[in-house]
Amino acid sequence: MQRKFLIASGLTLLGTAGAAPALSAELTISCGAVGAELTLCEQGVEAWENETGHDVEIVSTPNSSTERLSLYQQILSARSGDIDVLQIDVVWPGLLANHLIDLEETLGEDAAEGHFETIVANNTVDDRLVAMPWFTDAGVLYYRKDLLEKHAVAPPETWQQLTDIAVEIQAAEREAGNDKLWGYVFQGRAYEGLTCNALEWVASHGGGTLVDADGEITIDNENAATALDLAASWIGEITPRGALNYTEEEARGIFQSGNAVFMRNWPYAWSLAQSEDSEVAGKVGVVKLPHGPNGESAATLGGWNLAVSKYSENPELAADLVAYLTGEAEQKRRAIEAAYNPTLTSLYADEEVLEAVPFFGTLYDTFTNAVARPSAATGDNYGRVSNAFFNAAHGVLTDEQDGADAVAELDSELSRIKRRRW
Ligand code: GLC
């Protein structure tokens, strides 16, 4: 196995750690590198290599989903077979389907049996299964059990409670000398992760999902504006200004070093926060995200899938690797070792999995009812729609605009995009 880094702006593969050029590898797979992702991918790939005798090269891609998408779009639109197996985001099947093979043709009609049906449906474009579910994701709220207990408060159920608790604990702890402590960290950079956070704020305020299932634009409403204004009020108060540039890993870094009371993140942060070198091991609780006065808790549906490029020279071998990595043994191992949510329903009843990640059981409903981003309704315009949304949300967080103006402008911008067709 060889490992490489793929650099945006072209198809340059740079060797690392003295790795030999990739001439001998029969397959190349791109893996994410957020948290323990890359290590897990390497281990899974190695197991398949040992079993089959084939040789695979791993390329790691940018952590930001937005950057990774533009890299894939460059590679695929050049019809390059440089990457055989692509790790693709749950919001991309519609965008990339034309470049991906139908896995049911290679792996058989029942290839995706036992996986969450909603994800299989999401990955099926024009009756073609363009990606196999690998892991699912949903936003959750991490909190410091020790600090909440010390201050005799329960985990928040509403955003207002979260705000109040964060203000109180941050002030008291800072006064006691813990001057680096912040109340709440999340993903505030202008990228796909902010789309996920802002969708949670808006949906949990009863403000809808930006575009509804029929393709109607719904963002210009008072609840959505209120949600964005509330988030803006956190900046500089309970959330560091730096969060305007945080992705998942920066937020995790702050929380894991003991410097935040609350964090919004995906389940993967659990294993790392509980690991030996974490400052907060044993002090972390996980609950569903709070809601606003007119809404219910909403977790954005995330997750990643494995697809085979149409330009691969070894599509059948590539599909075999996909089947192995998305199979039960690998999904179980990834769940136990690193809290990656399985997409196989049966694993949510597996005792070893539930022992390693108790909230896979307690928050099961959160995972099965997570709110989808409007990628199906907006088709190959999803990238533009999401960009418009995260830029609008970022503008409110940075005080360029208030929530009401931002959602009104966003409505016009989305209408312009829609006119081009979706
Ligand atoms: C996580 C989710 C993915 C989402 C991304 C945004 O990786 O699984 O669906 O797009 O975060 O940062």
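Because the structure is predicted, anything quoted here is derived from the model rather than measured. (Residues numbered from 1 in each chain as written. Predicted model: local features only at pLDDT ≥ 70, side-chain atom pairs only at ≥ 80, totals over all residues. Heavy atoms only, no water.)

## A look at unusual backbone geometry
So, step 1. With a phi angle near 55 degrees, Arg79 is a residue other than glycine that sits in the positive phi range.
So, step 2. The residue Arg79 is located in the loop between α2 (65-77) and β5 (85-89) in this model.
So, step 3. Residue classification places Arg79 among the exposed residues on the basis of a relative accessible area of 58%.
So, step 4. For Asp127, which is not a glycine, the phi torsion comes out positive at approximately 65 degrees.
So, step 5. By secondary structure assignment, the location of Asp127 is in the loop between β6 (124-125) and β7 (128-129).
So, step 6. For Asp127, a relative accessible area of 68% gives the class exposed. (Helix = DSSP H or I, 4+ residues; strand = E, 2+ residues; numbered from the N terminus. Buried < 20%, exposed > 50% of the residue type's maximum accessible area, 1.4 Å probe, protein only.)

## Looking at the sheet that holds strand β12 (residues 284-287)
So, step 1. Read across the open sheet, the four strands follow the order β10-β11-β9-β12; overall the sheet is mixed. Two strands close off the open sheet at either side, each with one partner strand: β10 (182-185) and β12. This sheet shows a mean twist of 15 degrees between the axes of neighbouring strands, independent of strand direction.
So, step 2. Pairing geometry for β10 and strand β11 (residues 260-265), over three bridges, is parallel. Among the inter-strand pairings, Trp182 is bridged to a residue of β11, identified as Ala260.
So, step 3. Relative to the sheet, helix α7 (residues 159-175) contacts β9 (140-144), β10 and β11, its axis offset from that of β10 by approximately 140 degrees. (Pairing = 2+ DSSP bridges. Axes fitted to C-alpha atoms, helices over the stretch in contact; angles between N-to-C directions. Contact = heavy atoms within 4.5 Å.)

## Focus: α2
So, step 1. Compared with the 18 Å implied by 1.5 Å per residue over 13 residues, the 18 Å span of α2 between its first and last C-alpha is a close match.
So, step 2. When we look at burial in α2, the residues that qualify are Ser65, Arg68, Leu69, Leu71, Tyr72, Ile75 and Leu76. The arc enclosing the buried residues of α2, seen along the axis, measures out at 165 degrees, which places them on a common side.
So, step 3. Looking one or two residues beyond α2, the residue adopting positive phi is Arg79, at roughly 55 degrees. (Expected span 1.5 Å × (residues − 1). Arc of directions from axis to C-beta.)

## A look at the domain arrangement of the chain
So, step 1. Taken as a whole, the chain is organised into domain 1 (4-137 + 302-364) and domain 2 (140-298 + 374-418).
So, step 2. One C-alpha centre belongs to domain 1, the other to domain 2; they are set 27 Å apart.
So, step 3. Listed as interface residues are 27 residues of domain 1 and, on the opposing side, 22 residues of domain 2.
So, step 4. Across the interface of domain 1 and domain 2, roughly 1700 Å² is buried in total on both sides, 70% from carbon and sulfur atoms.
So, step 5. Ranking the residues of domain 1 by area buried against domain 2 places Val91, Phe359 and Leu363 at the top, with a combined share of 28%.
So, step 6. Here domain 1 and domain 2 share zero salt bridges between them.
So, step 7. Among the secondary structure elements, those contributing two or more residues to the side of domain 1 that touches domain 2 are α2, α3 (93-96), α13 (328-338) and α15 (359-362). (Domains from an automatic or database assignment. Buried area = accessible area lost by both parts, 1.4 Å probe. Salt bridge = Lys/Arg side-chain N within 4 Å of Asp/Glu carboxyl O.)

## What to know about the pattern of salt bridges
So, step 1. Summed over all chains, the structure comprises ten salt bridges.
So, step 2. Glu200 serves as the salt-bridge partner of Arg264, at 2.7 Å between the closest nitrogen and oxygen. Taken together, the residues span a long stretch of sequence, with Arg264 in strand β11 and Glu200 in helix α8 (residues 192-203) at a distance of 64 residues.
So, step 3. Of the residues examined, Glu200 reaches a relative accessible area of 2% and is grouped as buried.

## Structural notes on the layout of surface pockets
So, step 1. By volume, the largest pocket is sized at about 440 Å³.
So, step 2. What lines the largest pocket is a set of 25 residues, among which Leu69, Gln73, Leu95, Asp380 and Gly383 lie closest to the centre.
So, step 3. Contributing elements (two or more residues each) for the lining of the largest pocket: α2, α3 and α18 (382-397).
So, step 4. Summarising the domain contributions, the lining of the largest pocket has at least three residues from each of domain 1 (4-137 + 302-364) and domain 2 (140-298 + 374-418). (1 Å grid on protein atoms, 1.4 Å probe; cavity = no way out; pocket = protein on both sides within 12 Å on 5 of 7 lines; lining within 4 Å. Points joined across faces, edges and corners; volume = space filled by probe spheres on them.)

## Describing a negative patch on the surface
So, step 1. Residues Asp229, Asp402, Asp405, Glu409 and Glu413 make up a contiguous surface patch of negative charge.
So, step 2. Ranked by the residues each element gives to the negative patch, the list is headed by helix α19 (residues 403-419), at three residues.
So, step 3. Along the polypeptide, Glu409 turns up in helix α19. (Patch = residues over 30% accessible without salt bridge, like charges linked within 9 Å, V, L, I, M, F, W, Y side chains within 5 Å. Areas by Shrake-Rupley, 256 points an atom, 1.4 Å probe, with all protein chains shown as cover. Lys, Arg positive; Asp, Glu negative; His and termini not counted. Charge placed at Lys NZ, Arg CZ, Asp CG, Glu CD.)

## Things to note about the site of the ligand
So, step 1. Around the ligand sit 13 residues, and of these Asp89, Asp137, Glu248, Gly303 and Arg373 come closest.
So, step 2. At a separation of 2.8 Å, an oxygen atom of the ligand approaches a polar side-chain atom of Arg373.
So, step 3. Starting from 310 Å² of accessible surface for the ligand in isolation, the protein chains cover 93%.
So, step 4. Judged by its atoms lying within 2 Å of the grid points, the ligand is housed in the largest cavity.
So, step 5. Those elements that provide at least two residues to the shell around the ligand are α8 and β13 (301-308).
So, step 6. For the shell around the ligand, the element with the highest residue contribution is β13, accounting for three residues.
So, step 7. Its residues assigned to classes, the shell around the ligand comprises four nonpolar, four polar and five charged.
So, step 8. Each of domain 1 (4-137 + 302-364) and domain 2 (140-298 + 374-418) gives at least three residues to the shell around the ligand. (Near = heavy atom within 4 Å. Polar contact = N/O pair within 3.5 Å; in protein donor to acceptor, adjacent residues only side chain to side chain. Sits in = over half its atoms within 2 Å of the grid points. Nonpolar A, V, L, I, M, F, W, Y, C, P; charged D, E, K, R; others polar.)

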